[in-house]
Amino acid sequence: MAITTAPGITRTPGRPASPYPSGPRRPGLGRRVRDNLTGHAFLIGAVACFAFFSWYPMIRGVVMSFQRTRRGVTTWVGWDNYERILADPSFWAAWKNTFSFTFLALLLGYAVPFFVAIVLNEFRHAKGYLRILVYLPVMLPPASALFLFKFYAYDPSDAGLFNSILTALHLPTSQWMQSAEMTMPAMVIASTWMNMGGAVLIYLAALQNIPGELYEAAELDGAGIWRRIRHVTIPQTRLILALLAMLQIVATMQFFVEPLILANGTGTEDSATSVAYLIYQHGFFQNDLNGAAALGVIMLVVLAGFSAAYLRLSARQD
Amino acid sequence: MAPDTASRTLVSPAQLRRGRGRVVYWTLLTVVVVGFTLVFLGPLYWMVTGALKSGQEIAQTPPTLFPKDPQPQNYVDAWHNLDLAKLLFNTFYYAAGALVFQLVLDTAAAYALSKLRPVFGNLILGLMLATLMIPAMVLVVPQYVTVIDLPILHVNLLDSPFAIWLPAVANAFNIFLLKRFFDSIPEELMAAALVDGATPLRTLWSIILPMSRPILGVVSIFAVTAVWKDFLWPKLVMPSPETRTVSVGIYAFSGGTPMNVVIAASVIAAIPTVLIFLIFQRNIMSGLTTGSLKG
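Residues numbered from 1 in each chain as written. Chains lettered and ligands numbered in written order. Predicted model: local features only at pLDDT ≥ 70, side-chain atom pairs only at ≥ 80, totals over all residues. Heavy atoms only, no water.

Participant: Help me out: how do you make sense of the interface of chain A and chain B in this one?
Facilitator: Accessible area lost upon the coming together of the parts is a frequently used measure of interface size. Taken together, the contacts link 106 residues of chain A with 117 residues of chain B. Around 10,200 Å² of area is buried between chain A and chain B when both sides are counted, 77% of it from carbon and sulfur atoms. If you look at where chain A meets chain B, you find 0 salt bridges. With 20 residues, helix α3 (residues 37-64) of chain A is the single largest residue contributor to the side of chain A that touches chain B. Across the side of chain A that touches chain B, the residue classes break down as 74 nonpolar, 22 polar and 10 charged. (Contact = heavy atoms within 4.5 Å. Buried area = accessible area lost by both parts, 1.4 Å probe. Salt bridge = Lys/Arg side-chain N within 4 Å of Asp/Glu carboxyl O. Helix = DSSP H or I, 4+ residues; strand = E, 2+ residues; numbered from the N terminus. Nonpolar A, V, L, I, M, F, W, Y, C, P; charged D, E, K, R; others polar.)

Structure, rendered in structure tokens:
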């Protein structure tokens, strides 16, 4: 490579907040770019990938949602795609399912890992083994894990894993994915099993950062275990709890593989259809890429709304 | 962590060692160890042994814990009928390429952003991090359209490994991890290298990279497992049976293939990532905790 000088390094011995503080002798833009060609050369590959596969598609998605391509001719159609998407009978079912999945997944996938992390953090033995166990499902390809659930756990006959357990406990068995009511809980259980390992490990790291003196002081003040959790553990991990809540909302609202593999997409009477699945269906089955793009924009707006509400709430708390 | 060096947590160590606390501790530990083994390892055991059962035995109530008459033939059938060798090779090839592209391009970018500090560096970093806010599902359609006809170059990347490799580079999380690690390397080292007449490339290669092995390991593991676990994207951009990944291939065959053969194939597909995990679990755990949260 023909890079022989290193002007970029000499410039910033003290690393200011912005690489070019607006001083009186700020050189012109062209000059600054020329001075640091090396830096730009190192960036160019990654920037090109972002431009082609993230930034450009982002804009393109919004543009596409107002266009329609027929026989190779693209025309501007305004809100037509949005109207068609809203008229889809599955649209509201998909949103309802997405919200209930997100809600249930938060209940299970949020509280359970936190509780598990608190308990694991108390143990002085078998720690490594338990951590490996919780994280193991995260490493399985989702398709593998979901076929396991589909064929074995949710087998609607009495031979299925869950039904055998229910029978052994003298509880009524279930049709699982074949019953519209059980579809959602079944998908949430599978998804939580697959994904909770990551959250547990992150909580564990956060718990280990809590200074032990706080617990000691609380104990001296006569606080029992529950009050110590409420007044020490939760406030001390609040930031991470809030961050993970946000990440999980965004991640679970995009659930797609669960309906596709467990419920063949829609489930009984649209009981499994998700917004993400609807995007897939419009785009790649009904050959309606523009409609799918419009649905994508709707999803983006809803999630941005969530993020904004969350930021406002967390700003108020501080 | 050794029992004695463990710092104080919710319950005091003294309380755990005393009579009642000790009984509760050991009971709880046993319950959790047994419970977790059943919940997290149990299904995997069911999967591996279930794939050894005959169709008849699978349908039997109550289910058998051990296959009465193990049929390794299911695994052999899965291997041959689904052409798993080809599917696994494809997946491995995509994962390896994504790893190389990410290591080269993302490391170079993080190095530039952290140490060379080009004009607009912070803006570019901000734009990269902003992509973390955009849900993947929202981008799927326009990304697919882009891959079919790449702007300016007008090439179609369908069925080409580049359709997986190049988008993998646009990974803001890994760039962020690498940049944060490079930021922690003292400027004095850079200055010393400069005095010795080293070029930026030379400095990266001889000073920064050797110091960054831990984070490079973490990024590598994330890069490989992300490709291995991905489903929708390879399903869309690798439509031909010859270019499929293993997850997509199993899904494509799941309709007309006996259940235990599909499960056997799922077991085989899961082996590489599980092995990676068992070998590198220390690095994965540390990467998860250092990377995201100690802010």
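Participant: What's the story with the packing of aromatic side chains in this structure? I'm lost.
Facilitator: Two measures describe an aromatic ring pair: the distance that separates the ring centres and the angle between the ring planes. Under the defined criterion, the tally for this structure stands at 37 aromatic pairs over all chains. Consider the rings of phenylalanine 91 of chain A and tryptophan 92 of chain A, whose centres lie 4.8 Å apart with planes at 90°: the pair is edge-to-face. When its relative accessible area of 2% is taken as the criterion, phenylalanine 91 of chain A is described as buried. With a relative accessible area of 58%, tryptophan 92 of chain A lands in the exposed category. A network of ring pairs unites the aromatic residues Phe256, Tyr277, Tyr280, Phe284 and Phe285 of chain A together with Tyr144 of chain B as a single cluster. Sitting over the face of the ring of tryptophan 46 of chain B, lysine 53 of chain B holds its NZ or CZ atom 4.5 Å from the ring centroid. (Phe/Tyr/Trp six-rings, centres within 6.5 Å; stacked < 30°, edge-to-face > 60°. Buried < 20%, exposed > 50% of the residue type's maximum accessible area, 1.4 Å probe, protein only. Lys NZ or Arg CZ within 6 Å of the ring centre and 35° of its normal.)

Participant: What's the story with the side chain of glutamate 258 of chain A in this structure? I'm lost.
Facilitator: Here glutamate 258 of chain A is to be found in helix α13 (residues 257-262). Despite its burial, glutamate 258 of chain A remains without a salt bridge, the nearest opposite charge being carried by lysine 229 of chain B at 10.0 Å. Discounting chain neighbours no more than four positions away, the residues touching glutamate 258 of chain A are Phe101, Leu146, Met187, Ser191, Met194 and Ala263 of chain A. (Lys, Arg positive; Asp, Glu negative; His and termini not counted.)

Participant: Looking at this structure, how should I read the pattern of salt bridges?
Facilitator: Opposite charge on two side chains makes pairing possible when the charged atoms of those side chains draw close. All names here are of chain A. Scanning the model with the defined rule gives 4 salt bridges over all chains in all. In this structure, aspartate 288 engages arginine 68 in a salt bridge whose closest nitrogen and oxygen atoms are separated by 3.0 Å. Note that aspartate 288 is positioned in the loop between α14 (275-284) and α15 (289-317) and arginine 68 in strand β1 (residues 67-70), a separation of 220 residues in sequence. Assessed through its relative accessible area of 4%, aspartate 288 is described here as buried. Taken together, the salt bridges that share partners define one network made up of Arg68, Arg84 and Asp288.

Participant: I keep staring at the UniProt feature "transmembrane region" (unreviewed entry) in chain A and nothing clicks. Help me out?
Facilitator: All names here are of chain A. Mapped onto the present numbering, the UniProt feature "transmembrane region" (unreviewed entry) falls at residues 37-56, 99-120, 132-153, 186-206, 237-257 and 292-313. Taken end to end, residues 186-206 comprises 100% helix and 0% strand; its first and last C-alpha atoms sit 30 Å apart. Between the end C-alpha atoms of residues 237-257 there is a gap of 31 Å, over a span that is 81% helix and 0% strand. (UniProt positions renumbered as here; feature names shortened; annotations may be inferred.)

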